[in-house]
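Fold and geometry: a report
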Amino acid sequence: MSGSTASSIAQACVRLSALGMASANGGNVSVRASKSRVLVTPTGMCLHEVTPGDLVTVNMSGRKLKGRGKPSIETQSHLAFYEERPDIRSVIHCHPPYALAWALARKAPPMKCFCEGYFLVDDVKLVRPYQTPVTQPAVVRKHAAKVNGFLLSNHGLLMAGAELRTALLRVETYELLCQSALQAERIGGAQQIEPRQLAWLRRLHDEHFPR
Ligand SMILES: [Zn+2]
């Protein structure tokens with residue numbers, strides 16, 4: 001495991017915490033360091049406290065290989081993503097307040113209404129009913145081929161990316177969408193972008209930001 005990967009995870013934890021997306025000791029972050037090893041945050045620790053030395057290395061079964069603490073209780077949900085999607089290198093679970101508001105209401109925010117949101121988070125699936133950390137991996141395995149994230153009813157957000165930066169961008173963009181869509185409800189609701197425009201946006205995105 002390179003020190004730079006561990007440092008990047010610790011920085012991401014601090015950022016999620018600073019943005020109010022991982023209050024108290026909620027949230028966990030992982031990066032697939034190699035074919036057989038994943039670096040994940042320890043359970044029970046506040047993300048703003050996480051340093052590179054606190055990260056736990058596990059194998060693809062979730063067994064600890066290295067580290068002081070225990071791996072996050074939601075490690076198996078992360079591993080399910082890695083198992084199903086070799087292109088995924090990072091997974092973030094957190095409780096962003098506006099995404100959580102939609103999750104508590106068991107409703108997905110309106111999609112296809114925010115240009116940049118469409119690029120990044122059009123494929124986030126609302127999962128109902130409430131999934132415990134123990135049942136989440138099965139849900140991830142079932143849908144991971146088609147989506148890059150899950151809005152977990154009564155719980156929070158599970159987001160994946162080809163790299164840590166992408167997963168972070170998706171979390172931040174989805175939270176902005178959730179916040180703005182909620183505000184838009186007060187003035188008539190978010191309006192969908194027309195299908196032809198969406199097709200054009202998709203081509204533009206694929207041209208400039210290939211997956
Ligand atoms: Zn959680």
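Residue positions are counted from 1 within each chain, in the order its sequence is given. Predicted model: local features are reported for residues with pLDDT of at least 70 only, side-chain atom pairs are reported and counted for 80 or more only, and whole-chain, interface and lining totals are derived from all residues.

Details of the overall build of the protein
- Secondary structure counts use DSSP, requiring at least four H or I residues in a row for a helix and at least two E residues in a row for a strand, with both numbered from the N terminus. What the protein contains, in helices and strands, is 7 helices and 8 strands.
- The C-alpha radius of gyration of the protein comes to 17 Å, within 12% of the 17 Å expected for a compact globule of 211 residues.
- For the protein, the C-alpha atoms occupy an extent of roughly 50 × 35 × 30 Å along the three principal directions.
- For the protein, long-range pairs separated by at least 24 residues make up 66% of all intrachain contacts whose partners lie at least 6 apart in sequence. Radius of gyration: over C-alpha atoms. The globule rule applied is 2.2 Å multiplied by the number of residues raised to the 0.38 power. The contact criterion used is a C-beta to C-beta distance within 7 Å, with each C-beta placed from the backbone.

What about the nonpolar core?
- To count as a nonpolar core, a set of buried Ala, Val, Leu, Ile, Met, Phe, Trp, Tyr and Cys residues must be joined through C-beta atoms within 7 Å. Any residue surrounded by 20 or more other C-beta atoms within 10 Å of its C-beta is treated as buried, while 12 or fewer makes it exposed and the intermediate range makes it partly exposed; C-beta atoms here are placed from the backbone. I9, A99, L151, V171 and Y174 are the most contacted members of the largest nonpolar core, which totals 55 residues.
- Per-element tally for this core: the top contributor is helix α6 (residues 164–184), with 8 residues.

Looking at the sheet that holds strand β2 (residues 38–40)
- A pair of strands is treated as paired once DSSP finds two or more bridges between them. Reading across the sheet, the 8 strands line up as β4-β3-β2-β1-β5-β8-β7-β6 and stay open at both edges, with mixed pairing between neighbours. Across the chains shown, the open sheet's two edge strands, defined by having one partner strand only, are β4 (64–66) and β6 (124–127). Between one strand axis and the next, the sheet turns by 20° as a mean value, whatever way the strands run. Angular values range over 0 to 180 degrees, each being the angle between N-to-C directions of two axes fitted as lines to C-alpha atoms, with helices fitted over their stretch in contact.

Overview of helix α2 (residues 75–84)
- With respect to burial, α2 is a largely interior element, 8 of its 10 residues being buried.
- Every buried residue of α2 is listed here: T75, Q76, S77, H78, L79, A80, F81 and Y82.
- Summarising the contacts, the buried residues of α2 are in contact with β1 (28–32), β2, β3 (56–58), β5 (90–94), α5 (136–143) and β8 (156–161).

Some details on the packing of α2 against α5
- Interaxial distance between α2 and α5 falls to 8 Å at its minimum, and their mutual angle equals 20°. Classified by the interaxial angle, the pair formed by α2 and α5 is roughly parallel. Two packed elements cross with a definite hand, and for α2 against α5 that hand is right-handed. Where α2 abuts α5, its residues Q76, S77, A80, F81 and E84 lie against Q136, P137, V140 and R141.
- In this classification, the charged set is Asp, Glu, Lys and Arg, the nonpolar set is Ala, Val, Leu, Ile, Met, Phe, Trp, Tyr, Cys and Pro, and all remaining amino acids, among them Gly, are polar. Of the residues assigned to the contact of α2 with α5, the class counts are 4 nonpolar, 3 polar and 2 charged. The labels follow the angle: roughly parallel below 35 degrees, roughly antiparallel above 145, roughly perpendicular from 65 to 115, and oblique for the rest. Left-handed describes a crossing whose near helix is turned anticlockwise from the far helix through less than a right angle; right-handed describes the clockwise counterpart.

A word on helix α3 (residues 97–104)
- For α3, the full list of buried residues reads Y98, A99, L100, W102 and A103.
- Lining the buried residues of α3 we find β7 (149–152), β8 and α6.
- Trailing α3 by a residue or two, R106 shows a phi angle of about 55°, which is positive.

Section: the pairing of β8
- A large share of β8 lies buried, amounting to 6 of its 6 residues.
- As paired elements, β5 and β8 share 5 bridges and run antiparallel to each other. Across the sheet, residue S90 finds its bridge partner in β8, namely G161.
- In this sheet, β8 lies alongside β7 in antiparallel orientation, the contact comprising 4 bridges.

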